[in-house]
Amino acid sequence: MLISPANWYFAVPGVTTTGPFNQHFLRDIGLVFLLIGIAMLTGAARSAARVTLWSLAALWLGGHALFHFWEVAVGICGTGALVQDFPAVTLPAILTAALALWAWRDAAGGSHRSHPVEDSRAAQ
């Protein structure tokens, strides 16, 4: 999307049915996906930032997926669009939401966990 928006637009099935080619718009969305990727990788590397970064990514991806469902609900697209979009739109939203939920639970549970060093001291 960022490097070659026209090639992306014509190569991805179903994209040409969503409206005319708009290089600026495609690069804007490409930047959003790049930032989401950076947020996900940064959250994987830095647990202190994980909840915030993964939750924000999940919110955007979830909103994007819901927008696709709305398009079907109001008749802009047929139901086949949901099947076609699933791997690139709905599945990433589900997976990212699951990771964000895990991060929330892990962070909440982490404040109550004991540490191995503390456990060994208590046992002495």
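Cut-off values and rules
Residues numbered from 1 in each chain as written. Predicted model: local features only at pLDDT ≥ 70, side-chain atom pairs only at ≥ 80, totals over all residues. Heavy atoms only, no water. Helix = DSSP H or I, 4+ residues; strand = E, 2+ residues; numbered from the N terminus. Contact = heavy atoms within 4.5 Å. Core = buried A, V, L, I, M, F, W, Y, C linked by side-chain atoms within 4.5 Å. Buried < 20%, exposed > 50% of the residue type's maximum accessible area, 1.4 Å probe, protein only. Patch = residues over 30% accessible without salt bridge, like charges linked within 9 Å, V, L, I, M, F, W, Y side chains within 5 Å. Areas by Shrake-Rupley, 256 points an atom, 1.4 Å probe, with all protein chains shown as cover. Salt bridge = Lys/Arg side-chain N within 4 Å of Asp/Glu carboxyl O. Expected span 1.5 Å × (residues − 1). Polar contact = N/O pair within 3.5 Å; in protein donor to acceptor, adjacent residues only side chain to side chain. Axes fitted to C-alpha atoms, helices over the stretch in contact; angles between N-to-C directions. Parallel < 35°, antiparallel > 145°, perpendicular 65-115°, else oblique. Left-handed = near helix turned anticlockwise from the far one by under 90°. Nonpolar A, V, L, I, M, F, W, Y, C, P; charged D, E, K, R; others polar.

Caption draft 1: Fine view of the side chain of threonine 90. Note on placement: threonine 90 falls in helix H4 (residues 80-110). Dropping the residues within four chain positions of it, threonine 90 is found in contact with Ala65, Phe69 and Asp85.

Caption draft 2: How the structure looks around the environment of arginine 27. With respect to the element layout, arginine 27 can be found in helix H2 (residues 23-45). Beyond its immediate chain neighbours, meaning those up to four positions away, arginine 27 contacts Met1, Leu2, Ile3 and Pro5.

Caption draft 3: Quick peek at the nonpolar core. Core analysis: the largest hydrophobic core is formed by 12 residues, namely Ile36, Met40, Val51, Trp54, Ala57, Ala58, Leu61, Ala65, Val89, Ala93, Ala100 and Ala103. If you list the elements that add at least two residues to this core, you get H2, helix H3 (47-73) and H4. Of all the elements, H3 adds the most residues to this core, at six residues. For alanine 65, the contacting residues outside a window of four places in its chain are Val89, Thr90 and Ala93.

Caption draft 4: Focus on a nonpolar patch on the surface. Together, Leu31, Leu34, Leu35 and Ile38 make up a nonpolar patch on the protein surface, roughly 370 Å² of accessible area in all. Secondary-structure assignment places leucine 31 in helix H2.

Caption draft 5: Examining H3 more closely. Across its 27 residues, H3 extends 38 Å between first and last C-alpha, which sits within 8% of the 39 Å expected from 1.5 Å per residue. Within H3, the full set of buried residues consists of Arg50, Val51, Trp54, Ser55, Ala57, Ala58, Leu61, His64, Ala65, His68, Glu71 and Val72. At the exit of H3 stands glycine 75, carrying a positive phi of roughly 90 degrees.

Caption draft 6: Fine view of H2. The terminal C-alpha atoms of H2 lie 33 Å apart, and with 23 residues this matches the ideal 33 Å at 1.5 Å per residue to within 8%. Taken residue by residue, H2 has Leu26, Gly30, Ile36, Ala39, Met40 and Gly43 as its buried positions. At the N-terminal end of H2, a side-chain oxygen is found 3.1 Å from the backbone nitrogen of histidine 24, two or three residues along, and the residue is asparagine 22.

Caption draft 7: Structural detail: the packing of H2 against H3. The interhelical angle for the contact between H2 and H3, taken along N-to-C directions, is 150 degrees, at an axis separation of 8 Å. Taken as axis vectors, H2 and H3 run roughly antiparallel relative to one another. Remark: the crossing between H2 and H3 carries left-handed chirality. On H3, the residues touching Val32, Phe33, Ile36, Ala39, Met40, Thr42, Gly43, Ala44 and Ala45 of H2 are Ser47, Arg50, Leu53, Trp54, Ala57, Trp60, Leu61 and His64. Along the lines of polarity and charge, the residues of the contact of H2 with H3 split into 12 nonpolar, four polar and one charged.

Geometry only, nothing functional implied.
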